[in-house]
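Architecture at a glance
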Amino acid sequence: MEEVVLNSGYKMPLLGMGTATYPMPSIDELTSILVDAIETGYRHFDTAALYGSEEAVGRAVAAAIERDIIKRRQQMFITSKLWCTDAHPQLVLPALKNTLGKLGLDFVDLYLIHWPISIKPGVDIYKLKKEDDNIIVPFDMKGVWRAMEGCCKLGLAKSIGVSNFSCAKLSRLLQIATIPPAVNQVEMNVAWQQQKLLKFCKEKGVHVSAYSPLGAKGASWNSPIINDIATSKQKTNSQVALRWIYEQGASVIAKSFNKERMKQNLEIFDWGLSTEDNFLIQDIPQRKGYDGEIFTHPNGPYKSVDEIWDGEI
């Protein structure tokens, strides 16, 4: 497994296993799937408070050690995320401690702010209605990030970062951060290529991690262009799409609970795309799959999707 050295000095595997799915399997079933993933070669799990998969991730790591698949916890890289209802300065540390309790771990390798959005504590995002008022509240970026830095200084998170931050929001954060974000995890795939964000993050030393690498909500990543390239290289369409992300300098969070596809997704490091392939991929129509529209409200901090992304959509 290839790795990238983050600006925190820690190494992160360039391909991780996503654990967000609906409906979620039982804890026992998901634990078994994740143990299979470790056995297949995955060394990075991406979870979040929102996903409901933290306990299974922790159990899988413990089971893999017990079965001698890995020797110690430090062989795994675990990412989790602060959910919006805890994106308040005084709730960050308790939220991380709750996450660590579910994982059964002393620290996470990477802790991310899930969205640059704060929701009133206790609100169920899955039951949020557009007519609900005063549910989404102003995001205290400085206060929340100071609390994230506190988690890092306590050793509870080896690296800290963000998710779903635009260039503009990331720029604001970098101006106030004592510890700069190590990662910005965003939707990225051949159908949403993020060239502006990639360039900005590279200049600032922030690593880009791609979620929904095979498209989100029906975005047409699986185009005839990808199919033709895959056929010519005797690869799967998914392998071509994942390889493209890797060649952009980003890491990949791929999710498949199928053992054969798990294995295929790992097989993207020992071959490459040609210049012509890349030119063809640039012509794939672009469409963002998940725009965060649920977080907009006429009386809230974000009145439109455009405001969430600062026009970068």
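Right above here is the structure, for reference.
Residues numbered from 1 in each chain as written. Predicted model: local features only at pLDDT ≥ 70, side-chain atom pairs only at ≥ 80, totals over all residues. Heavy atoms only, no water.

**A look at the packing of aromatic side chains**
Note the following rule: Aromatic pairing here means that ring centres of Phe, Tyr or Trp (its six-membered ring) are within 6.5 Å. Orientation follows from the plane angle: under 30 degrees is stacked, over 60 is edge-to-face, and everything else is tilted. To qualify as a helix, a DSSP run of H or I must reach at least 4 residues; to qualify as a strand, a run of E must reach at least 2; elements of each kind are numbered from the N terminus. Each residue is assigned to one of three classes by its accessible area relative to the maximum for its type, calculated with a 1.4 Å probe on protein chains only: buried under 20%, partly exposed between the two thresholds, exposed over 50%. Definition used: whenever NZ (Lys) or CZ (Arg) falls within 6 Å of the ring centre and also within 35 degrees of the ring normal, the charge is taken to sit over that ring.
A complete count under the given rule lists six aromatic pairs for this structure. Plain terms: the ring middles of W83 and F295 are 6.4 Å apart, the flat faces sit at 50 degrees to each other, and that makes the pair tilted. In this pair, W83 sits in the loop between β5 (77-82) and α3 (92-103) while F295 sits in the loop between α10 (275-282) and α11 (305-308), placing the two residues 212 residues apart along the sequence. Overall, the relative accessible area of 8% leaves W83 in the buried class. Positioned over the ring face of W309 is K288, at 4.2 Å from the centre of the ring.

**So, the side chain of H44**
Note the cut-off: For this analysis, a polar contact is any N or O atom pair within 3.5 Å, provided that within protein one partner can donate a hydrogen and the other can accept it, and provided that sequence-adjacent residues contribute only side-chain to side-chain pairs.
In this fold, H44 is placed in strand β4 (residues 44-46). The buried category is assigned to H44, whose relative accessible area is 2%. A distance of 2.9 Å separates the side chain of H44 from the side chain of T79, its partner in a polar contact.

**Here's the deal with the nonpolar core**
Our working rule: What is meant by a nonpolar core is a set of buried Ala, Val, Leu, Ile, Met, Phe, Trp, Tyr and Cys residues, joined one to another through side-chain atoms within 4.5 Å. In what follows, residue pairs with any heavy atoms lying within 4.5 Å of each other are defined as contacts.
Within the largest apolar cluster, 87 residues are counted, with the highest numbers of intra-cluster contacts made by F45, L82, Y111, I113 and M148. Per-element tally for this core: the top contributor is helix α4 (residues 141-153), with seven residues. Those residues in contact with M148 that lie beyond four places of it in its chain are L82, V92, Y111, L112, I113, I160 and G161. Counting 14 residues, the second largest nonpolar core, distinct from the first, contains C84, I125, L128 and F295.

**Description of the pairing of β5**
The test is simple: The pairing criterion is simple: DSSP has to find at least two bridges between the two strands. Handedness rule for crossovers: strands pointing away from the viewer, path from the first strand over the helix to the second running clockwise, crossover right-handed.
With six of six residues buried, β5 is to be regarded as a mostly interior element. As paired elements, β4 and β5 share three bridges and run parallel to each other. Residue H44 lies in a different strand from β5, and its bridge partner there is F77. For the handedness criterion, the β-α-β arrangement of β4, helix α2 (residues 54-66) and β5 is classed as right-handed. Direction of pairing for β5 relative to strand β6 (residues 108-113): parallel, over a ladder of four bridges. Along β6, the bridge assignment pairs T79 with L110. For the crossover that starts at β5, traverses α3 and ends in the parallel β6, the hand is right-handed.

**Looking at the layout of surface pockets**
What counts here: Think of a 1 Å grid over the protein atoms and nothing else: a 1.4 Å probe that fits but is trapped marks a cavity, an open set flanked by protein within 12 Å on at least five of seven lines marks a pocket, and residues with an atom within 4 Å of a point count as lining. Grid points are joined across faces, edges and corners, and a volume is the space filled by probe spheres set on the points. In this count, Pro and Cys sit with the nonpolar residues alongside Ala, Val, Leu, Ile, Met, Phe, Trp and Tyr, while Asp, Glu, Lys and Arg are called charged and the others, Gly among them, polar.
As a volume, the largest pocket reaches approximately 950 Å³. As for the largest pocket, its lining consists of 30 residues, of which A20, T21, L50, Y51 and Y126 are closest to the centre. Its residues assigned to classes, the lining of the largest pocket shows 15 nonpolar, nine polar and six charged.

**A look at unusual backbone geometry**
With an omega of -5 degrees, the peptide bond running from Y22 to P23 counts as cis. Position of P23 relative to the elements: it lies in the loop between β3 (15-18) and α1 (27-40). Non-glycine residue Q234 carries a positive phi angle of around 55 degrees. For Q234, the location among the structural elements is in the loop between α7 (224-233) and α8 (237-247). For Q234, a relative accessible area of 75% puts it in the exposed group. Positive phi values are uncommon outside glycine, yet D310 reaches one of about 55 degrees. Residue position: D310 is located in the segment after α11.

**A look at the sheet that holds β6**
Applied cut-off: Every axis corresponds to a line fitted to the C-alpha atoms, with the helix fit spanning only the stretch in contact, and the corresponding angles, defined between N-to-C directions, vary from 0 to 180 degrees.
Taken together, the eight strands give a closed barrel; going around it, the order is β3-β4-β5-β6-β9-β10-β11-β12, and neighbouring strands pair in parallel fashion. Ignoring which end each strand starts from, the neighbouring axes of this sheet average 30 degrees apart. The pairing of strand β9 (residues 157-163) with strand β10 (residues 183-187) spans two bridges and is classified as parallel. For V162, the partnering residue across the bridge sits in β10 and is N184.

**Regarding the state of the cysteines**
Applicable threshold: Throughout, disulfides are identified as pairs of cysteine sulfur atoms within 2.5 Å of each other.
Counting across every chain of the model gives zero disulfides. Residue C152 stays outside any disulfide, its sulfur separated by 8.5 Å from that of C151, the closest cysteine. Overall, the relative accessible area of 18% leaves C152 in the buried class. C201 provides the cysteine sulfur closest to C167, a residue in no disulfide bond, and the two sulfurs are 6.3 Å apart.

**A short note on the environment of K303**
Looking at the secondary structure, you find K303 in the loop between α10 and α11. Using a relative accessible area of 48% as the deciding quantity, one classes K303 as partly exposed. When the C-alpha positions of K303 and E293 are compared, they lie 9.3 Å apart, and in sequence the two are ten residues distant. Here the side chain of K303 touches G300 through a polar contact of 3.0 Å, landing on its backbone oxygen.

**Examining helix α5 (residues 167-176)**
Selection rule: Relevant arc is that of directions from the helix axis to the C-beta atoms, nothing else.
For α5, the set of buried residues is C167, K169, L170 and L173. One face of α5 carries all of its buried residues, which in axial projection span an arc of 160 degrees.

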